[in-house]
Amino acid sequence: MIKAGIIGATGYAGNEIVRLLLGHKEAEIVWFGSRSYIDKKYASVYQNFCKIVDAKCMDDNMEALAEEADVIFTATPQGLCASLVNEAILSKCKIVDLSADFRIKDVKTYEKWYGIEHKAPQFIKEAVYGLCEINREAVKGARLVANPGCYPTCSTLSLYPLLKEGLIEPSTIIIDAKSGTSGAGRGAKVDNLFCEVNENMKAYGVASHRHTPEIEEQLGYACGQEVLINFTPHLVPMNRGILVTAYASLNRETSYEEVRAVYDKYYGKETFVRVLDQDICPQTKWVEGSNYVDVNFKIDPRTHRIIVMGAMDNLVKGAAGQAVQNMNLMFNLAENEGLMQVPMYP
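Just so you know, these numbers come straight off a predicted model, no measurement behind them.

Draft legend 1. Structural view of the nonpolar core. Ranked by internal contacts, the top residues of the largest apolar core, which has 42 residues, are Leu 21, Tyr 42, Phe 73 and Leu 98. Looking at this core, the elements with two or more residues in it are strand S1 (2-7), helix H1 (12-22), strand S2 (27-33), helix H2 (42-45), strand S3 (71-74), helix H7 (132-140) and helix H12 (316-330). Per element, the largest residue contribution to this core is eight residues, and it comes from H12. Ignoring sequence-local partners within four residues, the contact set of Phe 73 consists of Ala 4, Gly 5, Ile 6, Ile 7, Ile 17, Leu 21, Val 96, Leu 98, Ala 323, Val 324 and Met 327. Of all hydrophobic cores here, the second largest spans 40 residues; its members include Tyr 129, Leu 219, Tyr 256 and Val 308.

Next comes the structure, spelled out in structure tokens:
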């Protein structure tokens, strides 16, 4: 059995890791880390685990945890993992970091967009960006994985085949995205109060959202050149889910059949990326509670553009599910172990 420790186990992403690992045949949780709830029973923080989890919350002592665990999940705010990780820890266990600390390869870009000093730049080059469908082989040999952000996961997987095959002009990409409120975390914020969110939709982080450079970097790898995008996220009154709608100009006239063949080339054998049938638009309800990403596209011959759509659960494929998927690859397990939950409906 793989012994797993979670730092940040009482956040929404940490809670989701717990839920998924409890159904994992090859893993057991040995550490429920939470600085805010030390010595409190985990099930008293999340009552859905009543009579399922008896353990108490522990601190975020990564050095002590590394002596007990084979893998550490850090579902923590930006900066914490980088402040704790060191060579001694990485020599004893593997780390899947759900923060942005090791996603962006340029330190100055990270520090500019996140507004903090990077505490462990020496590990940035080594860290593998854990978008499993694209970086699978690199993840298998990694000891430090940077789990992708939710918006970047959905955006990149939706657009990747088109950029890789040169079907769209990178400079024309516009990404419009919507997310449920769980993406903002469990901390109390006025903007996330029921009366603020209910019966309301709003854009935020316009031209300044910190996932922008992460998306640009990954799309740049796909097409082999620098990419600058317009990315606008929106908050919608639901718990879970992300819907991305992206627009780009086609480089040449193309048919539905040609584009569909490109998507099938990259995702036809993928378990967790589902390319929907023609004219079926992805919906968040179809992926809720699951590790699936649904994608599709529509060619607009009138404007010579293509509209690409992607939907996923921001807490599963956008965070915890992808983290477990990365763990499976790192330990040579079946990639889908513990992740075959059927989406919940309604």
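Draft legend 2. Spatial organisation of the pairing of strand S12 (residues 293-300). Counted residue by residue, S12 has six buried out of eight residues, so it is predominantly covered. With three bridges joining them, strand S11 (residues 273-275) and S12 adopt parallel strand pairing. Of the residues in S12, the one forming a bridge with Val 275 is Val 295. Bridge count between S12 and strand S13 (residues 305-312): eight bridges; the pairing is antiparallel. For Lys 298, the partnering residue across the bridge sits in S13 and is Ile 307.

Draft legend 3. Main features of the packing of aromatic side chains. Evaluation of the coordinates by the stated rule reveals 10 aromatic pairs. Ring geometry for Tyr 42 and Phe 49: centres 5.5 Å apart, planes at 45°, overall tilted. Grouping residues by exposure puts Tyr 42 and Phe 49 together as buried. One aromatic cluster is present, built from ring pairs that chain together Phe 32, Tyr 42, Tyr 46 and Phe 49. Directly above the ring of Phe 331 sits Lys 94, whose terminal nitrogen or CZ lies 5.7 Å from the centroid. Between the NZ or CZ atom of Arg 186 and the centre of the ring of Tyr 46, over which it lies, the distance is 4.3 Å.

Reading the values: rules and limits
- Residues numbered from 1 in each chain as written.
- Predicted model: local features only at pLDDT ≥ 70, side-chain atom pairs only at ≥ 80, totals over all residues.
- Heavy atoms only, no water.
- Core = buried A, V, L, I, M, F, W, Y, C linked by side-chain atoms within 4.5 Å.
- Buried < 20%, exposed > 50% of the residue type's maximum accessible area, 1.4 Å probe, protein only.
- Helix = DSSP H or I, 4+ residues; strand = E, 2+ residues; numbered from the N terminus.
- Contact = heavy atoms within 4.5 Å.
- Pairing = 2+ DSSP bridges.
- Phe/Tyr/Trp six-rings, centres within 6.5 Å; stacked < 30°, edge-to-face > 60°.
- Lys NZ or Arg CZ within 6 Å of the ring centre and 35° of its normal.

None of the figures reported here should be taken as evidence of function without further support.
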